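Summary of structural features
Residues per chain, in single letters:
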There are 2 protein chains.
Amino acid sequence: MAFDMLDKRSKQVLYAVIQSYINSPEPVGSRFVTKKYPLGCSSATIRNIMSDLEDMGFLSQPHTSAGRIPTGKGYRFFVDSLMDTEKVNEGSEMSREFVGQFTRKLEGIKTDLNVMFSEVTNTLSIMSNYVGILIPPQPEKITFKRIDLIRYKGSNVVAILLTDEGIIKNRVLQVDPRFTQDDLTRIADYLNSEFSGFILDDIRGMLIKRVKDEKTLWDKLISKAIQICEQAISYSEDDIFVSGLYDVMDLPDFSNISRIKELSRAIKDKHAILKLLDEFSDAEGVQVMIGDENPVEDLKNLSIVTAPYKEGARPMGVIALIGPTRMDYLKAISMVDAVAKCVSKTFRD
Amino acid sequence: MAFDMLDKRSKQVLYAVIQSYINSPEPVGSRFVTKKYPLGCSSATIRNIMSDLEDMGFLSQPHTSAGRIPTGKGYRFFVDSLMDTEKVNEGSEMSREFVGQFTRKLEGIKTDLNVMFSEVTNTLSIMSNYVGILIPPQPEKITFKRIDLIRYKGSNVVAILLTDEGIIKNRVLQVDPRFTQDDLTRIADYLNSEFSGFILDDIRGMLIKRVKDEKTLWDKLISKAIQICEQAISYSEDDIFVSGLYDVMDLPDFSNISRIKELSRAIKDKHAILKLLDEFSDAEGVQVMIGDENPVEDLKNLSIVTAPYKEGARPMGVIALIGPTRMDYLKAISMVDAVAKCVSKTFRD
DNA sequence: TTTAGCACTCTGATTATGAGAGTGCTAATT
DNA sequence: AATTAGCACTCTCATAATCAGAGTGCTAAA
């Protein structure tokens, strides 16, 4: 979108309409603009400009004699070139205090990532009044640290997987009952010495390769070890963290039930959300998807703001806010940005 | 509620009204009753009876010239003495097939209780169209099996707690960095030999007592062990399992948003739900709470059907359905009953 | 005790009406 | 050429009026 496709005043008008509509979801009329955003011209002029903006697809009219409301394209232009980006930063300045406080809070609970992650989405949703989402690190990002295998009830074995990031997974596996605890300890030792420090996903590849290449070389124990390890690291339906559906119902955008259902449906399909958001984990900084820019059907009436969180330079996962297209983008963006930074900082230390 | 406070025909009329209203939430008129539930008398007679039933508090009128709808008291009488209890059992017969299938399904996933529990609430909510809830076993019900302590990153220790029921908890603790893995192993050995087989809650009591009574006797290691163990078994904000909020929105009872908000608020307060339902874990069989019989404010417009699940004879937790007071009690009761039996059966084996 | 009959009441859908808000166009102004 | 005042026009929304329909409660007869 070229910056100069609109003259200054058109931009001001567009800004005024969008800002006002974000503020309260009612069609914005020309007279209203002249009153609240004095641009030194009459309502008739504004009317002409608004008509042009409508022709260009930035605004639309609910009906002939109503004011204008922003279109997706309008919001997009707003986010890309109209929004006061200084205020985003300034917003960060202002929330430096928040960042400090929140980081300290996270420090205190980072030993249990589940607790920390749900704290993150809670804070996010409470502060923004939108739905907060966090995607935990996916297997392809996680570094294996060690595994422990513990005999348990008959032929069961509990496998406990520790990772560098502090993630702990446990899993109950079935093994040949003839395996003793000693056997299991040996298997674990082997796995720990071989694979510690590797990415989980890579390990899976390596394991499969080993089984193939050297089938005959490895004795039964090791072959079993590999199977066990594979099971233990296999995708464990990791939940995503979601919070704020309740509070979002207060927004006028969701005053009719079908909108709520739409949103619920969208976040119910955790797999789709995960797939969508995971793509942003490698992105640099905050990303915004507005309305039908969104590939997921149920999200076409909603907007998403995402930011990755990292451990050092390595991207780990994504946090996001989902709200109506009539979202306070400035607020949402600076919030997601700030929280992502807090999480990254906590991971670093 | 005395059985004979209503004559046979009054019961039939009450039954007809409630059944019809459960079937579709519209006030039931006298003529409608004569048509759909032929009782061998005219609509005028029905009118008189309905008027009496209203005086007795079983029915009420939304407005002067509308039909009648059941009151809480009406539903209570229905559940206690009107509902075709044979059909509850027959329902179980019919669902014997379901019980078999579902139990088999649970068998397959019982190694991971989290998976199993969420499968239970999912099935429950999908089949009933109400909100399914499961309270996992609380600390006072859980038998300690063993603990493992693993050094981890600096002064952290991962404590892994295994229980007889197959519950695995892990928890990251801070310890004096001078403790070696050997120390930790010794601590774990000590705890395992001392406490295996006891109830978690009792252990906590025993630990506190030991610290008090014999403070001087125990060396630093053991004192630390006790602390560790206490932390490890301490209440871990165990989530309750909830499912079905989305589908419940299809019910006409929740067509207006404030009802949805009410329900959301109720199930958001997991602590209240847990406290409420946990009281039913020792109850025998299915319990029903209708509307304002409910102690929780946000549930006064809703009904709950609960049943405990057990391991052998020992009650473990509760499963429940939450729905509108206009609930299909017959269906809900037989469903909760059947599912609770499936879970209990799975625990037994 | 039951019932037919009827007057009465309340709802909800439909229609009419008018104020209000806002537009688009035209002609005058800068 | 750009801006603006003025005005006719359009559409919505709230209010009120009307009326059919459903259901009741009561009375008098069976």
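To be clear, the structure that these remarks concern was listed above.
Residues numbered from 1 in each chain as written. Chains lettered and ligands numbered in written order. Predicted model: local features only at pLDDT ≥ 70, side-chain atom pairs only at ≥ 80, totals over all residues. Heavy atoms only, no water.

**Quick look at the overall build of chain A**
Within chain A, the secondary structure is distributed over 14 helices and ten strands. Sorting the 349 residues of chain A into buried and exposed places 52% on the buried side. Contacts spanning at least 24 positions in sequence make up 61% of the contacts within chain A whose residues lie at least 6 apart. On chain A, roughly 15,900 Å² of surface is accessible, and the fraction owed to carbon and sulfur atoms is 49%. (Helix = DSSP H or I, 4+ residues; strand = E, 2+ residues; numbered from the N terminus. Buried < 20%, exposed > 50% of the residue type's maximum accessible area, 1.4 Å probe, protein only. Contact = heavy atoms within 4.5 Å. Areas by Shrake-Rupley, 256 points an atom, 1.4 Å probe, with all protein chains shown as cover.)

**A closer look at the relation of the copies chain A and chain B**
You can overlay chain A on chain B at an RMSD of 0.1 Å; the transform is a turn of 180° with a shift of 0.1 Å along its axis. Viewed as a symmetry operation, the transformation between the two copies matches a two-fold axis. Of the C-alpha atoms belonging to chain A, the one lying closest to the rotation axis is found on A:Ile257, 3.0 Å away. Interface overlap between copies: 100% of the residues of chain A at the interface are likewise at the interface in chain B, consistent with a symmetric, same-surface contact. (Least-squares fit on C-alpha atoms with pLDDT ≥ 70 in both.)

**Focus: unusual backbone geometry**
In this structure, A:Asn129 takes a positive phi of about 70° despite not being glycine. Relative to the helices and strands, A:Asn129 is located in the loop between helix H7 (113-128) and strand E3 (131-135).

**Some words on the protein's contact with DNA strand C**
What surrounds DNA strand C is a group of 19 residues, the closest being A:Ser30, B:Arg9, B:Thr45, B:Thr64 and B:Ser65. Sugar and phosphate atoms represent 75% of those atoms of DNA strand C found within 4 Å of the protein. In the environment of DNA strand C, a sugar or linking oxygen lies 3.5 Å from a nitrogen or oxygen atom belonging to the side chain of B:His63. Take B:Ser65: an N or O atom from its side chain is 2.9 Å from a base oxygen of DNA strand C. Counting residues per element, the surface near DNA strand C draws most heavily on helix H3 (residues 43-55) of chain B, at four residues. (Near = heavy atom within 4 Å. Polar contact = N/O pair within 3.5 Å; in protein donor to acceptor, adjacent residues only side chain to side chain.)

**A word on the interface of chain A and chain B**
With 33 residues of chain A in contact, the opposing surface of chain B contributes 33 residues. Roughly 2,900 Å² of surface becomes buried between chain A and chain B when both sides are summed, with 63% attributable to carbon and sulfur atoms. Across the contact surface, chain A and chain B share four salt bridges. Of the charged contacts in the structure, one is a salt bridge between A:Asp247 and B:Lys268, with a shortest N-O distance of 3.7 Å. Where chain A meets chain B, there are four residue pairs in polar contact (both at pLDDT 80 or more). Of all elements in the fold, only strand E4 (144-152), strand E5 (156-163), strand E6 (168-174), helix H11 (245-248) and helix H12 (257-268) of chain A reach the threshold of two or more residues within the side of chain A that touches chain B. Broken down by element, the residue count for the side of chain A that touches chain B peaks at six residues, all from H12(A). (Buried area = accessible area lost by both parts, 1.4 Å probe. Salt bridge = Lys/Arg side-chain N within 4 Å of Asp/Glu carboxyl O.)

**What about the protein's contact with DNA strand D?**
Among the 19 residues in the neighbourhood of DNA strand D, the closest are listed as A:Arg9, A:Thr45, A:Thr64, A:Ser65 and B:Ser30. Near the protein, meaning within 4 Å, the atoms of DNA strand D are sugar or phosphate in a fraction of 73%, with bases accounting for the rest. At 3.0 Å from a phosphate oxygen of DNA strand D is found a main-chain nitrogen or oxygen belonging to A:Ser42. A distance of 2.3 Å separates a phosphate oxygen of DNA strand D from a polar side-chain atom of A:Thr45. Top element by residues in the surface near DNA strand D is helix H3 (residues 43-55) of chain A. It accounts for four residues. For the surface near DNA strand D, the residue count by class is three nonpolar, twelve polar and four charged. (Nonpolar A, V, L, I, M, F, W, Y, C, P; charged D, E, K, R; others polar.)

**What to know about the side chain of B:Thr123**
All names here are of chain B. Position of Thr 123 relative to the elements: it lies in helix H7 (residues 113-128). A polar contact is formed between the side chain of Thr 123 and the backbone oxygen of Glu 119, at a distance of 2.8 Å. Excluding anything up to four places from it in sequence, Thr 123 contacts Phe 98 and Phe 102.

**Some points on the sheet that holds strand E3 (residues 131-135) of chain B**
Strands in a sheet are paired, the pairing made by backbone hydrogen bonds, and the direction either parallel or antiparallel. Residue and element names in this part refer to chain B. The five strands lie next to each other as E7-E3-E10-E9-E8, forming an open sheet whose pairing is antiparallel. On the outer flanks of this sheet lie strand E7 (241-243) and strand E8 (287-290), each paired with one strand and no other. Mean inter-strand twist for the sheet, computed between neighbouring axes without regard to direction, equals 15°. Pairing of E3 with strand E10 (residues 314-324), which is carried by five bridges, proceeds in the antiparallel orientation. (Pairing = 2+ DSSP bridges. Axes fitted to C-alpha atoms, helices over the stretch in contact; angles between N-to-C directions.)

**Topic: the packing of aromatic side chains**
All names here are of chain A. Per the counting criterion, the structure on display carries 14 aromatic pairs over all chains. Pairing Phe 58 with Phe 77 gives two aromatic rings, centres 5.3 Å apart and planes at 55°, and the pair type is tilted. Of the two residues, Phe 58 sits in the loop between H3 and strand E1 (59-60) while Phe 77 sits in helix H4 (residues 72-82), which places them 19 residues apart along the sequence. Among the residues examined, Phe 58 registers a relative accessible area of 0% and is labelled buried. Residue classification places Phe 77 among the buried residues on the basis of a relative accessible area of 0%. (Phe/Tyr/Trp six-rings, centres within 6.5 Å; stacked < 30°, edge-to-face > 60°.)

**Focus: the environment of A:Phe98**
Residues and elements named next belong to chain A. Take Phe 98: it is sitting in helix H6 (residues 96-109). Linking Phe 98 and Cys 342, residues 244 residues apart in sequence, is a C-alpha distance of 9.6 Å. Excluding its chain neighbours within four sequence positions, the residues that come into contact with Phe 98 are Thr 123, Met 127, Ala 338 and Val 339.

**Considerations on the nonpolar core**
Counting residues in each nonpolar core, the largest one holds 204 residues, and the members touching the most others are A:Leu277, A:Ile322, A:Tyr329, B:Leu277, B:Ile322 and B:Tyr329. One finds A:Ile160, A:Ile168, A:Val172 and B:Val172 within the second-largest nonpolar core, a separate group that totals 14 residues. (Core = buried A, V, L, I, M, F, W, Y, C linked by side-chain atoms within 4.5 Å.)

**Topic: the pattern of salt bridges**
Residue and element names in this part refer to chain B. Applying the stated criterion across every chain yields a total of 34 salt bridges over all chains. Its salt-bridge partner being Arg 76, residue Asp 80 comes within 3.1 Å of it at the nearest N-O pair. Here the residue Asp 80 and the residue Arg 76 both occupy positions in helix H4 (residues 72-82), the gap between them amounting to four residues, near one helical turn. Overall, Asp 80 belongs to the partly exposed group, its relative accessible area being 43%.

**Things to note about H12(A)**
When the terminal C-alpha atoms of H12(A) are compared, their 16 Å separation across twelve residues agrees well with the 16 Å that a helix rising 1.5 Å per residue should span. Within H12(A) the residues assigned to the buried category are A:Ile260, A:Lys261, A:Glu262, A:Leu263, A:Ser264, A:Ala266 and A:Ile267. (Expected span 1.5 Å × (residues − 1).)

**Brief notes about the pairing of strand E9 (residues 302-311) of chain B**
All names here are of chain B. Burial runs high along E9: ten of the ten residues are buried. Pairing analysis gives four bridges linking E8 to E9, with the strands arranged antiparallel. Residue pairing across strands places Gln 287 opposite Thr 306, the latter belonging to E9. The antiparallel hairpin formed by E9 and E10 contains two residues in its connecting segment, where Gly 312 sits at a positive phi of about 65°.

**Here's the deal with the side chain of B:Thr306**
Residues and elements named next belong to chain B. Along the chain, Thr 306 turns up in strand E9. Residue Thr 306 is classed as buried on the basis of its relative accessible area of 1%. Filtering out sequence-adjacent residues up to four positions away, Thr 306 remains in contact with Leu 277, Phe 280, Gly 285, Val 286, Gln 287, Val 318, Ile 319, Ala 320 and Val 336.

**What about the packing of helix H1 (residues 8-23) of chain B against H3(B)?**
Residue and element names in this part refer to chain B. In the contact formed by H1 and H3, the axes pass within 10 Å of each other and the chain directions differ by 85°. Here H1 is positioned roughly perpendicular relative to H3, judged by the angle of their axes. Counted together, Arg 9, Ser 10, Val 13, Leu 14 and Val 17 of H1 and Thr 45, Ile 46, Ile 49, Met 50 and Leu 53 of H3 form the full contact between these two elements. A breakdown of the residues in the contact of H1 with H3 according to their chemical character gives seven nonpolar, two polar and one charged. (Parallel < 35°, antiparallel > 145°, perpendicular 65-115°, else oblique.)

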